[in-house]
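The residues making up each chain are set out below.
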There are 2 protein chains.
Amino acid sequence: MTLGFIGLGAMGLGMAQRINKDHALKVYNRSSEKAASLVAEGAQQATSLQDFADCDIVCSMLSDDAAVEAVYLAGDTLALPLKENSISISHSTISPPMVDRLVAAHEHANVRFLCVPVLGRPDKAAEGQLVAVAAGERSAMDEARSVLEAISTRQFWMGPTPRQAAVTKLGMNFMIAAAVEALAESFTLTRKAGIDPETFLTLITETLFSAPIYQAYAPLIAREENPTPGFKTALGLKAVNLAQQTARDLRVPLPTAEIIANQLRTAIAAGYADEDWSILARLMAQTASLPPIKRR
Amino acid sequence: MTLGFIGLGAMGLGMAQRINKDHALKVYNRSSEKAASLVAEGAQQATSLQDFADCDIVCSMLSDDAAVEAVYLAGDTLALPLKENSISISHSTISPPMVDRLVAAHEHANVRFLCVPVLGRPDKAAEGQLVAVAAGERSAMDEARSVLEAISTRQFWMGPTPRQAAVTKLGMNFMIAAAVEALAESFTLTRKAGIDPETFLTLITETLFSAPIYQAYAPLIAREENPTPGFKTALGLKAVNLAQQTARDLRVPLPTAEIIANQLRTAIAAGYADEDWSILARLMAQTASLPPIKRR
């Protein structure tokens, strides 16, 4: 089985490294130097997208709709040269309408298409500990199982229509955004009342909210840490905007999303686009005239 | 040691039952028939609040500021007859200014006051599995430890100023309200996109959001269950309103709270004041023209 991977950003690199452990892997990135570490680990560097024409499964992890369009599409047809009956997997978080366009283009080219966005930050990607949210033809998913298992500890099949995975991912991202915003608001409120953030942190993460998402973000917020961005503020706004667009298309109210998007826009306006989106909390603390937290 | 407990509502009854297991307990409720089961278990029924004058520790669990004022205060002085140097514990979720009034009145009467709101729904109260959020004089908390341990598995001491526990509780309640609202919005979005609520439920509760609060509320929302109210919509609005009032007093932004309060007001206007506040999700699903979920 010949495998290909396109897009070696913070997430894609870790995912490709995991797949490369068990499979012969051909990799491609727009700026080719990102492939160096993978080539050192035995991966083959593709010189152009044409090199994927012999692959059985080709995955991609790209930043947004525009990047996905540039790689896959020429108008309504599939520009990426994939062989008939191969499996094409999109891991990117993109809009449901873009997924629908990919579905149509792949169908026309007789290539099986799976939409498999992932949950987890770059550190989880490097450890193969992502959660895969998959939709598309079930038999294709079964054939691609070893690839999905290389990158993820859990695989959820959301249904036969690829956009179902895309909407599920948007729903999860919205939940995460809402959790980050709730942490920002509640830490600001309690700090302003003179409550020790470390005690509030313990209360949250060891009782009702003892879940990975709070264990990841609450310490960053309680300590005002500047982590290597796991999820940049600009990506956070993209995720919430996609959820809002989908809600508009489906005629669904999503009342808190507008406030969260506004907070993210404010953070970006303040110059924090490339910071981890937990920066929302620091911005809110500043708005409330709280002094910076002393690092321990 | 003689103990007293005032207020035998859904929460108070369970808490009093737990304390009654290990201590001689005198109990009081405005409508006295609520004490019957406790009296059957050996508790002594107080005929009036005067009966607490010989107690070493008196706890109360009342519904709101007004009920607390009626039991404890006559203007600025302590109306509840408590002996000097006894310990008075308020478990109710009340406003920080009301806590400050209780502090002043107890101080004047030489009674030690602890503010100890609890986290957990009535089923947890009956099992002694609450989380106690305590503030006040540390030595009084140590003396009252056996009482707090009878009702809770974890005790957090937030500091020497009783209002610190009150604000912490409001911050936690706000986090819970934000979680219920995020579930309502994300389930509505994904259901409208044709995603199976049971699969989305599993994804949430077994991955990033595997925490007690989501394990409690997400199934109610995914299945549109009508549980015995653990937390009524009217109480939810009270909790969010208290957080907002505190945020206003402290000059803290709390941007999503207004939206959540508005959703709760809408639910109450629709006649759901006495339903569990997870009803928010059903109301949102109706707004999005989703059909009722079939019960399994």
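Residues numbered from 1 in each chain as written. Chains lettered and ligands numbered in written order. Predicted model: local features only at pLDDT ≥ 70, side-chain atom pairs only at ≥ 80, totals over all residues. Heavy atoms only, no water.

### Points about the domain arrangement of chain A
By a widely used convention, the size of an interface equals the accessible area lost when the partners come together.
Residues and elements named next belong to chain A.
Turning to step 1, where the next piece is worked out: Domains assigned within chain A are domain 1 (3-160) and domain 2 (167-287).
Turning to step 2, where the next piece is worked out: Relative placement of domain 1 and domain 2: their C-alpha centres are 28 Å apart.
Turning to step 3, where the next piece is worked out: Taken together, the contacts link 14 residues of domain 1 with 17 residues of domain 2.
Turning to step 4, where the next piece is worked out: Interface area for domain 1 against domain 2, summed over the two sides, is near 1100 Å², with a carbon-plus-sulfur share of 67%.
Turning to step 5, where the next piece is worked out: When residues of domain 1 are sorted by the area they lose upon contact with domain 2, T93, L119 and R121 head the list and together hold 50% of the total.
Turning to step 6, where the next piece is worked out: Inspection of the domain 1/domain 2 interface yields one salt bridge.
Turning to step 7, where the next piece is worked out: The closest approach of N and O atoms between D276 and R121, which form a salt bridge, is 3.3 Å.
Turning to step 8, where the next piece is worked out: Here domain 1 is connected to domain 2 by six residue pairs in polar contact (both at pLDDT 80 or more).
Turning to step 9, where the next piece is worked out: Elements with a minimum of two residues in the side of domain 1 that touches domain 2: helix 4 (96-108) and strand 9 (118-119).
Turning to step 10, where the next piece is worked out: Here the side of domain 1 that touches domain 2 is composed, by residue class, of nine nonpolar, three polar and two charged. (Domains from an automatic or database assignment. Contact = heavy atoms within 4.5 Å. Buried area = accessible area lost by both parts, 1.4 Å probe. Salt bridge = Lys/Arg side-chain N within 4 Å of Asp/Glu carboxyl O. Polar contact = N/O pair within 3.5 Å; in protein donor to acceptor, adjacent residues only side chain to side chain. Helix = DSSP H or I, 4+ residues; strand = E, 2+ residues; numbered from the N terminus. Nonpolar A, V, L, I, M, F, W, Y, C, P; charged D, E, K, R; others polar.)

### Some remarks on the nonpolar core
Turning to step 1, where the next piece is worked out: By size, the foremost hydrophobic cluster in this structure holds 166 residues, and its most contacted members are F209(A), Y214(A), F209(B) and Y214(B).
Turning to step 2, where the next piece is worked out: The element best represented in this core is helix 8 (residues 163-192) of chain B, accounting for 17 residues.
Turning to step 3, where the next piece is worked out: Apart from the residues lying within four places of it in its own chain, the contact partners of Y214(A) are A179(A), L183(A), T205(A), F209(A), P219(A), M175(B), F209(B) and Y214(B). (Core = buried A, V, L, I, M, F, W, Y, C linked by side-chain atoms within 4.5 Å. Buried < 20%, exposed > 50% of the residue type's maximum accessible area, 1.4 Å probe, protein only.)

### Topic: the packing of helix 8 of chain B against helix 13 (residues 279-287) of chain B
All names here are of chain B.
Turning to step 1, where the next piece is worked out: Taken N-terminus to C-terminus, the directions of helix 8 and helix 13 make an angle of 35°; their axes are 8 Å apart at the nearest point. In this structure, helix 8 meets helix 13 at a crossing whose hand is right-handed. Where helix 8 abuts helix 13, its residues V180, E181, A184, E185, T188 and R191 lie against L280, A281, M284 and A285.
Turning to step 2, where the next piece is worked out: Across the contact of helix 8 with helix 13, the residue classes tally to six nonpolar, one polar and three charged. (Axes fitted to C-alpha atoms, helices over the stretch in contact; angles between N-to-C directions. Left-handed = near helix turned anticlockwise from the far one by under 90°.)

### Quick notes on the relation of the copies chain A and chain B
Turning to step 1, where the next piece is worked out: Take chain A, turn it by 180°, move it 0.0 Å along the axis, and it overlays chain B with an RMSD of 0.0 Å. What we have between these two chains is a two-fold relation. Of every C-alpha in chain A, the one belonging to A211(A) sits nearest the axis of rotation, 2.4 Å from it.
Turning to step 2, where the next piece is worked out: Of the residues that chain A buries at the interface, 100% are likewise interface residues in chain B, meaning the two copies contact each other through the same surface. (Least-squares fit on C-alpha atoms with pLDDT ≥ 70 in both.)

### Quick look at the packing of aromatic side chains
Residue and element names in this part refer to chain A.
Turning to step 1, where the next piece is worked out: Summed over the entire model, instances satisfying the criterion amount to eleven aromatic pairs over all chains.
Turning to step 2, where the next piece is worked out: Here the aromatic rings of F187 and F200 are separated by 5.1 Å at their centres, their planes lie at 85°, and the arrangement is edge-to-face. Here F187, found in helix 8 (residues 163-192), pairs with F200, found in helix 9 (residues 197-206); they are 13 residues apart in sequence, far enough to count as distant. Accessibility classification places F187 together with F200 in one group, the buried group. (Phe/Tyr/Trp six-rings, centres within 6.5 Å; stacked < 30°, edge-to-face > 60°.)

### Side note on the interface of chain A and chain B
Turning to step 1, where the next piece is worked out: Residue-level contacts link 59 residues of chain A with 59 residues of chain B.
Turning to step 2, where the next piece is worked out: Taking both partners together, chain A and chain B bury about 5100 Å²; carbon and sulfur atoms supply 80% of that area.
Turning to step 3, where the next piece is worked out: The largest contributions to the chain A side of the interface with chain B come from M175(A), L189(A) and L208(A), which together make up 15% of the buried area.
Turning to step 4, where the next piece is worked out: Inspection of the region where chain A meets chain B yields two salt bridges.
Turning to step 5, where the next piece is worked out: The partner of E206(A) in a salt bridge is R154(B), and the shortest N-O contact between them spans 2.7 Å.
Turning to step 6, where the next piece is worked out: Put simply, chain A and chain B have twelve residue pairs in polar contact (both at pLDDT 80 or more) between them.
Turning to step 7, where the next piece is worked out: Looking at the side of chain A that touches chain B, the elements with two or more residues in it are strand 10 (130-136), strand 11 (152-157), helix 8, helix 9, helix 10 (212-222), helix 11 (233-250), helix 12 (255-269) and helix 13 (279-287) of chain A.
Turning to step 8, where the next piece is worked out: Class assignment for the residues of the side of chain A that touches chain B results in 38 nonpolar, 15 polar and six charged.

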